[in-house]
Amino acid sequence: MSDTPDYTSKEYWLRTINDLAESFEETLIKKFGGGPITEQKLIEALKIFGISWDFFDEAANKKNTKEVHFDTHEKIAICILSILKTEPFRPGIPETKDDVKESLFLANELFCVKIMKTLISKSARMDEVFQMNKKEYDWFIILLNSLKAKLEKPNMKKINKRIISPDDPSDMVDVLWLSQIIYYIEKSYIS
């Protein structure tokens, strides 16, 4: 048996996301004195991600299916959507500086960026996680925050179902445009 991890396995991704969540929670607590994770929400996010992975993997493997494929970018996109749907980081906003409030308010979006950068770097077999240009990083956070707001709207309850399915046109639009953005981020930083 090889000591090299299988970067393409669902189990590897679930374990990595869980480890990143623990590390991210420690960072939030150390840096801001707050930001605990809601364990049940993280479990729910991982469950949504796992089930959605299976649906996309099955759709990509069907015969005569040319329009559906399932690569790293789509996997990261459904992971991000799972996190934004469940919001495992729901810290109270402390009475403190505005930049601290903003960081805690955006904890789930910041966590999604950490996931994206880590998984892209690992799939590219890089020893260190790449760093994004501040302006691009900020715009990506804004994009994720807008997506989270869309998922929270009362008239979008249909989107808030507990899976992300390639059979649902609304889900596919979110996954495809988000995965395309992730692809361009990867292309910009990974040679």
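Residues numbered from 1 in each chain as written. Predicted model: local features only at pLDDT ≥ 70, side-chain atom pairs only at ≥ 80, totals over all residues. Heavy atoms only, no water.

## Observations regarding the environment of I115
Stage number 1. For I115, the location among the structural elements is in helix α5 (residues 107-123).
Stage number 2. Overall, I115 belongs to the buried group, its relative accessible area being 0%.
Stage number 3. Considering only alpha carbons, one finds I115 and I80, 35 residues apart in sequence, at a separation of 8.0 Å.
Stage number 4. The residues contacting I115, other than those within four sequence positions of it, are I17, L20, C79 and I83. (Helix = DSSP H or I, 4+ residues; strand = E, 2+ residues; numbered from the N terminus. Buried < 20%, exposed > 50% of the residue type's maximum accessible area, 1.4 Å probe, protein only. Contact = heavy atoms within 4.5 Å.)

## Points about a negative patch on the surface
Stage number 1. On the surface, D19, E22, E26 and E39 cluster together to form a negatively charged patch.
Stage number 2. No other element matches helix α1 (residues 10-32), which puts three residues into the negative patch.
Stage number 3. Here E22 lies in helix α1. (Patch = residues over 30% accessible without salt bridge, like charges linked within 9 Å, V, L, I, M, F, W, Y side chains within 5 Å. Areas by Shrake-Rupley, 256 points an atom, 1.4 Å probe, with all protein chains shown as cover. Salt bridge = Lys/Arg side-chain N within 4 Å of Asp/Glu carboxyl O. Lys, Arg positive; Asp, Glu negative; His and termini not counted. Charge placed at Lys NZ, Arg CZ, Asp CG, Glu CD.)

## Considering the pattern of salt bridges
Stage number 1. According to the stated counting rule, one finds five salt bridges in the structure shown.
Stage number 2. K10 is the partner of D54 in a salt bridge, and the nearest nitrogen-oxygen pair spans 2.8 Å. With D54 in helix α2 (residues 39-61) and K10 in helix α1, this pair connects stretches of sequence that are 44 residues apart.
Stage number 3. Taking the shortest distance from any N to any O, the salt bridge between K150 and D174 comes out at 2.6 Å. Remark: D174 occurs in helix α7 (residues 169-189) and K150 occurs in helix α6 (residues 134-152); sequence separation between them is 24 residues.
Stage number 4. One network of salt bridges, with partners in common, ties together E87, E109 and K148.

## Some thoughts on the packing of aromatic side chains
Stage number 1. If you walk through the whole model with that rule in mind, you get eight aromatic pairs.
Stage number 2. Considering the side-chain rings of Y183 and Y184, the 5.1 Å spacing of their centres and the 70° angle between planes classify their relative orientation as edge-to-face.
Stage number 3. Exposure remark for Y183: the relative accessible area of 33% places this residue in the partly exposed category.
Stage number 4. Taken together through their ring pairs, the aromatic side chains of W13, F49 and W53 make up a single cluster.
Stage number 5. The ring of F105 is capped by K148, whose NZ or CZ atom sits 5.0 Å from the centre of that ring. (Phe/Tyr/Trp six-rings, centres within 6.5 Å; stacked < 30°, edge-to-face > 60°. Lys NZ or Arg CZ within 6 Å of the ring centre and 35° of its normal.)

Purely geometric stuff here, so don't read any function into it on its own.
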